[in-house]
Amino acid sequence: MSQLLGIITRLQSLQENATSNEPNQRFFEVEGEKRCSVKYFDKTDTFELEVFQKDEKPQSYQFDNIDMIAIEIFDLLQ
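This write-up is about the structure you can find in this document. If you're wondering where the values come from, they're calculated on a predicted model, not measured in any experiment. (Residues numbered from 1 in each chain as written. Predicted model: local features only at pLDDT ≥ 70, side-chain atom pairs only at ≥ 80, totals over all residues. Heavy atoms only, no water.)

Focus: the overall build of the chain
Next, step 1: A count of helices and strands for the chain gives two helices and four strands.
Next, step 2: Scanning the chain from its N terminus toward the C terminus, one meets helices and strands in the order α-β-β-β-β-α.
Next, step 3: Whereas a compact globule of 78 residues would reach a radius of gyration of roughly 12 Å, the chain reaches 12 Å, a difference of no more than 12%.
Next, step 4: Dimensions of the chain along its principal axes, counting C-alpha atoms only, are 35 × 30 × 20 Å.
Next, step 5: The buried share among the 78 residues of the chain stands at 29%.
Next, step 6: In the structure as shown, the chain presents an accessible area of about 5,300 Å², 45% of it carried by carbon and sulfur atoms.
Next, step 7: Positive and negative side-chain charges in the chain, numbering 8 and 15 respectively, have mean positions lying 6 Å apart. (Helix = DSSP H or I, 4+ residues; strand = E, 2+ residues; numbered from the N terminus. Rg over C-alpha atoms; globule rule 2.2 N^0.38 Å. Buried < 20%, exposed > 50% of the residue type's maximum accessible area, 1.4 Å probe, protein only. Areas by Shrake-Rupley, 256 points an atom, 1.4 Å probe, with all protein chains shown as cover. Lys, Arg positive; Asp, Glu negative; His and termini not counted. Charge placed at Lys NZ, Arg CZ, Asp CG, Glu CD.)

Here it is, written out as structure tokens:
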């Protein structure tokens with residue numbers, strides 16, 4: 001299984017296990033270092049990507065397309 005397919009599978013799992021109460025969250029790491037987290041909001045059917053960079057404030061981005069956020073995560077993990 002390719003890395004991109006694995007990312008998409010994890011994002012789909014977020015969607016399938018979504019509840020209206022709290023957004024589900026997943027972390028993506030490289031060698032134990034968190035690179036980003038993703039939250040899925042069921043009410044709006046959107047993803048929020050939070051990117052972690054050393055010594056900087058995390059940046060947040062909104063996506064409504066699972067393919068686009070998967071590509072962003074893939075690039076962050078490279």
